[in-house]
Amino acid sequence: MLPKIVETVLHSFPAVRDPRQDHRDHIITCKRRWMSVSWELPRIQQEENTLEGRLSRCPRSSGAPYLNQHMSEASFYIPMYTQPSPPSPGRKRALLIGINYKGQRCELRGCNNDIHNILPCLINQWGYDPRDIVQLIDDGYRPPPTRQNILLEMHRLASYSRAGDSMFFYFSGHGGQVRDLDGDEVDGYDEFVCPVDYQQSGVINDDEIHEIMVKPLAAGSRLTALFDSCHSGTVLDLPYLYDSRQCTFVDGVTPGARIRKHSQAQVVCFSGCEDFEESESITMPGRPIGGLMTFAFIHVFSCTQALTFQNRFEQIRAFVREILPDARQHPQFSCSNPLDITLPFYI
């Protein structure tokens, strides 16, 4: 017997999609979406459906006005593969950002929890020193994830990089899309993330993120990024996007932008969904609410075996399908240089 649904519609624009219930008796879902009605400075709309039970879910969506626009066909080509790096002998640094937007109309519940979930993995399993991990969380105890603070720490992460260093960047919060103005997007839309003060200071789009955190990285360094946010498929503007159906790389940016979006470092980005999709938050039995992509990433990368990139990425997608068979999100992977997917992949 399905759980009883209690629905509350807080805003009538845009139209609310019907709640989708999971038929497993231990799963219940809740959805929260927010909508951008201006591609210059989004105004947030929120809808929330709540269901009683032990597992809940809600998309961290921007539901941007271009949500129904499908990505155009990317041009295919055969890249020259580079081997993934083994665990780095250099210094390791990390920047973790989790934003619940507490007290705002677009408030989320699980993004602060995501930081608490991934932090022990960085320290205990992936070899990061707590002193080299910066956390920006809107919990009142740590530096707030304002636009200024985020850009400053992104700049520091890149500017401190040296050959042999390994860096990890994590963002959990709202994301969305705006019209592309410089012709680098295959689908015609830039992606963005929302700092906690986005209503006063504005959003941070992918062009800005790339210029500050990707382009300045030192040659021979390595950055692994994880975005658990909506519309995040190509949020780092990396030239190569992995097509899991054909097991090859396609254009992550337009061919004309490939050279200027190249990085001398090895940059890899895992994203919770495609550019036109929403990323879900879930509550699993015995665990506080958190991002589905974050749970999947931790589950797969906590394995100590030397798994290939293809194995890890397929397992991330399998985890998402297993936990939420009706999830409308397909994790993505992009990189600055194409990888040999048959070789071991490390953080």
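Residues numbered from 1 in each chain as written. Predicted model: local features only at pLDDT ≥ 70, side-chain atom pairs only at ≥ 80, totals over all residues. Heavy atoms only, no water.

Caption draft 1: Spotlight on the overall build of the protein. Secondary structure assignment for the protein yields six helices and 17 strands. Sorting the 347 residues of the protein into buried and exposed places 61% on the buried side. Working note: accessible area of the protein is about 14,400 Å², and carbon and sulfur atoms make up 52% of it. (Helix = DSSP H or I, 4+ residues; strand = E, 2+ residues; numbered from the N terminus. Buried < 20%, exposed > 50% of the residue type's maximum accessible area, 1.4 Å probe, protein only. Areas by Shrake-Rupley, 256 points an atom, 1.4 Å probe, with all protein chains shown as cover.)

Caption draft 2: Quick peek at the confidence of the model for the protein. For the protein, per-residue confidence averages 78 on the pLDDT scale, and residues scoring 70 or more make up 74% of the total. Mean pLDDT across the secondary structure elements of the protein bottoms out at strand β1 (residues 5–8), with 27, and peaks at strand β5 (residues 92–98), with 98. Segment residues 1–57 is flagged for pLDDT under 50; beyond a separation of four residues in sequence, or across chains, it makes 164 contacts in the model. Residue range residues 62–84 is modelled with pLDDT below 50. Its contacts to residues more than four positions away, or to other chains, number 75 contacts. (pLDDT = per-residue confidence, 0-100. Contact = heavy atoms within 4.5 Å.)

Caption draft 3: Here's a closer look at unusual backbone geometry. With a phi angle near 55 degrees, histidine 231 is a residue other than glycine that sits in the positive phi range. The residue histidine 231 is located in the loop between β11 (222–228) and β12 (240–243) in this model. Its relative accessible area of 0% is what places histidine 231 among the buried residues. Its identity is not glycine, yet cysteine 247 carries a phi of approximately 55 degrees, on the positive side.

Caption draft 4: Molecular detail of helix α4 (residues 206–214). With respect to burial, α4 is a largely interior element, seven of its nine residues being buried. Those residues of α4 lying buried are Asp206, Asp207, Ile209, His210, Ile212, Met213 and Val214. Lining the buried residues of α4 we find α2 (147–159), β7 (166–172), β9 (189–193), β10 (204–205), β11 and β14 (266–271).

Caption draft 5: Spatial organisation of the pairing of β14. Within β14, six of the six residues are buried, which leaves it mostly tucked inside the rest of the structure. Here β14 shows a buried face lined by Gln266, Val268 and Phe270 and a second buried face lined by Val267, Cys269 and Ser271. Pairing of β14 with strand β17 (residues 332–335) involves four bridges; the strand directions are antiparallel. Looking at the pairing, phenylalanine 270 lines up with phenylalanine 333 of β17. (Pairing = 2+ DSSP bridges.)

Caption draft 6: Layout of the pattern of salt bridges. Evaluated as defined, the whole model comprises 13 salt bridges. Aspartate 182 is the partner of arginine 260 in a salt bridge, and the nearest nitrogen-oxygen pair spans 3.8 Å. Placement of the pair is arginine 260 in the loop between β13 (248–251) and β14 and aspartate 182 in the loop between β8 (175–179) and β9, with a sequence separation of 78 residues. Across the pair aspartate 207 and lysine 261 runs a salt bridge, and its minimum N-O distance is 3.2 Å. Placement of the pair is aspartate 207 in helix α4 and lysine 261 in the loop between β13 and β14, with a sequence separation of 54 residues. Each member of the pair, aspartate 207 as well as lysine 261, is classed as buried. One salt-bridge network, in which partners are shared between bridges, spans Asp184, Asp207, Asp237 and Lys261. (Salt bridge = Lys/Arg side-chain N within 4 Å of Asp/Glu carboxyl O.)

Caption draft 7: Up close: helix α1 (residues 111–124). Its 14 residues give α1 an end-to-end C-alpha distance of 21 Å, which sits within 8% of 20 Å, the value for a rise of 1.5 Å per residue. Of all 14 residues that make up α1, 10 are buried, and the element is covered over most of its length. Taken residue by residue, α1 has Cys111, Asn112, Asn113, Asp114, Ile115, Asn117, Ile118, Leu119, Cys121 and Leu122 as its buried positions. (Expected span 1.5 Å × (residues − 1).)

Caption draft 8: Here's a closer look at the environment of arginine 147. Looking at the secondary structure, you find arginine 147 in helix α2. Spatially, the C-alpha atoms of arginine 147 and glutamine 200 are 9.5 Å apart, while their sequence positions differ by 53 residues. Excluding anything up to four places from it in sequence, arginine 147 contacts Pro195, Asp197, Ser201, Gly202, Val203, Ile204 and Glu208.

Caption draft 9: Structural context of the nonpolar core. Membership of the largest hydrophobic core comes to 43 residues, with the highest contact counts inside it found for Phe168, Phe270, Phe297 and Phe333. Looking at this core, the element that brings in the most residues is helix α5 (residues 292–301), giving eight residues. In this structure phenylalanine 297 touches Ile118, Trp126, Phe168, Leu226, Phe270, Ile316 and Ile347, once residues within four positions along its chain are discounted. In terms of nonpolar packing, the next biggest core, distinct from the first, is built from 38 residues, Leu95, Val178, Ile204 and Leu223 among them. (Core = buried A, V, L, I, M, F, W, Y, C linked by side-chain atoms within 4.5 Å.)

Caption draft 10: Just the sheet that holds β5, in detail. The strand order β6-β5-β7-β11-β14-β17-β12-β13 describes an open sheet built from eight strands, whose pairing is mixed. In the strand order of this sheet, the two ends are held by β6 (133–137) and β13, each with one partner. Neighbour-to-neighbour, the strand axes of this sheet turn through a mean angle of 20 degrees, independent of strand direction. Strands β5, β6, β7 and β11 of the sheet are contacted by α2, whose axis makes an angle of about 165 degrees with β5. (Axes fitted to C-alpha atoms, helices over the stretch in contact; angles between N-to-C directions.)

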